[in-house]
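Read off the chains here:
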Amino acid sequence: MIILKSKEEVEKIAVACRMVATALDALKTYIKPGMTTKMLDAYAEEKICEQGGIPAFKGYHRYPATLCVSVNEEVVHGIPSDKLIKEGDIVGLDLGAIYEGFYGDSAVTVAVGEVSDEIQRLLKVTEGSLFAGIDQGREGGRLSDISHAIQAYVEKEGYSVVTDFVGHGIGRSLHEEPQIPNFGPKGQGPRLREGMVLAIEPMVNIGKHQVTVKEDGWTAVSSDGSLSAHFEHTIAITKDGPVVLSQLAA
Ligand code: MF3
Ligand code: CO
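This report concerns the structure included in the present document. Remember, it's a predicted structure, so these values are computed and weren't measured experimentally. (Residues numbered from 1 in each chain as written. Chains lettered and ligands numbered in written order. Predicted model: local features only at pLDDT ≥ 70, side-chain atom pairs only at ≥ 80, totals over all residues. Heavy atoms only, no water.)

### Remarks on the coordination of the cobalt ion (ligand 2)
Angles between donor atoms at a metal ideally measure 109.5 degrees for a four-coordinate tetrahedral arrangement and either 90 or 180 degrees for a six-coordinate octahedral one.
Right, so step 1: Protein coordination at the cobalt ion (ligand 2): the donors are Asp105 (OD), His168 (NE2), Glu201 (OE) and Glu232 (OE), at 2.1 to 2.2 Å from the metal.
Right, so step 2: Within one chain, the residues donating to the cobalt ion (ligand 2) are spaced in sequence as D-x62-H-x32-E-x30-E. In this pair, Asp105 is assigned in strand 5 (residues 102–111) and His168 in strand 7 (residues 167–169), connecting sequence segments 63 residues apart.
Right, so step 3: For His168, a relative accessible area of 4% translates into the label buried. (Donors = N, O, S within 2.8 Å, 3.2 Å for Na, K, Ca; no water. Helix = DSSP H or I, 4+ residues; strand = E, 2+ residues; numbered from the N terminus. Buried < 20%, exposed > 50% of the residue type's maximum accessible area, 1.4 Å probe, protein only.)

Printed below as a string of structure tokens:
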């Protein structure tokens, strides 16, 4: 069952999302070559807590940290460690917060220093596919219109969408129905309605779509070792179209 949210509930999710967006923004300027991924996690936790939020991922199915940090061929769910960030890396930062019992969830992938045109294109295409999906978040459409738009956008650019992980409804839980695959035909699944709050999160590999989960039980890497990017926003479906909750006003 998809739980529809009242305006008051959407506003609480929006507060959680703004905490996440603020922390991710701060991380984008904080991240430097030579830092460990654990330092990024500590900084993220500080930023969420100083805004009055609660880290959403810590303890979720025993996940041990506040932030997921996925470097280069890591797709999602990288566990913060003593691993060092280097010039030229791409780093996925995935963060969630809880405010008054409601969750917000967002992710970005950032380039550290100079990266090649191809890598910049990977980031642009992945973020572009997220917005192509968000644009389908309209009343009257169907859930799989989002999925289809993401896949079409990515494949037109010659990259692969990861199929083993999906986006999700969000609210009083981090993961609610519906699941939102980043692939599939359009015109299927539930009709989109005001009050739905969705976390849309394409993961895109330069190479093939297959992923492998490492022995830590969390870190997913591209099976062919190709670079991978991940962007995520939490959106609300409204009468006036999709509203991106996890984006700060420009
Ligand atoms: N954005 C990811 C997701 O929605 C982050 C979850 S990490 C976890 O699945 F540790 F909380 F699982
Ligand atoms: Co998510």
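Still to come is the rest of the account.
### Considering the pairing of strand 9 (residues 197–200)
Right, so step 1: Side chains of strand 9 alternate between two faces, with Val197 and Ala199 and Leu198 and Ile200 buried alike.
Right, so step 2: Here 2 bridges tie strand 7 to strand 9, and the two strands are oriented antiparallel to one another. Counterpart to Gly169 in the pairing with strand 9 is Leu198.
Right, so step 3: The sheet contact formed by strand 9 and strand 14 (residues 233–238) spans 4 bridges and is antiparallel. When the bridges of strand 14 are listed, Ile200 appears paired with His233. (Pairing = 2+ DSSP bridges.)

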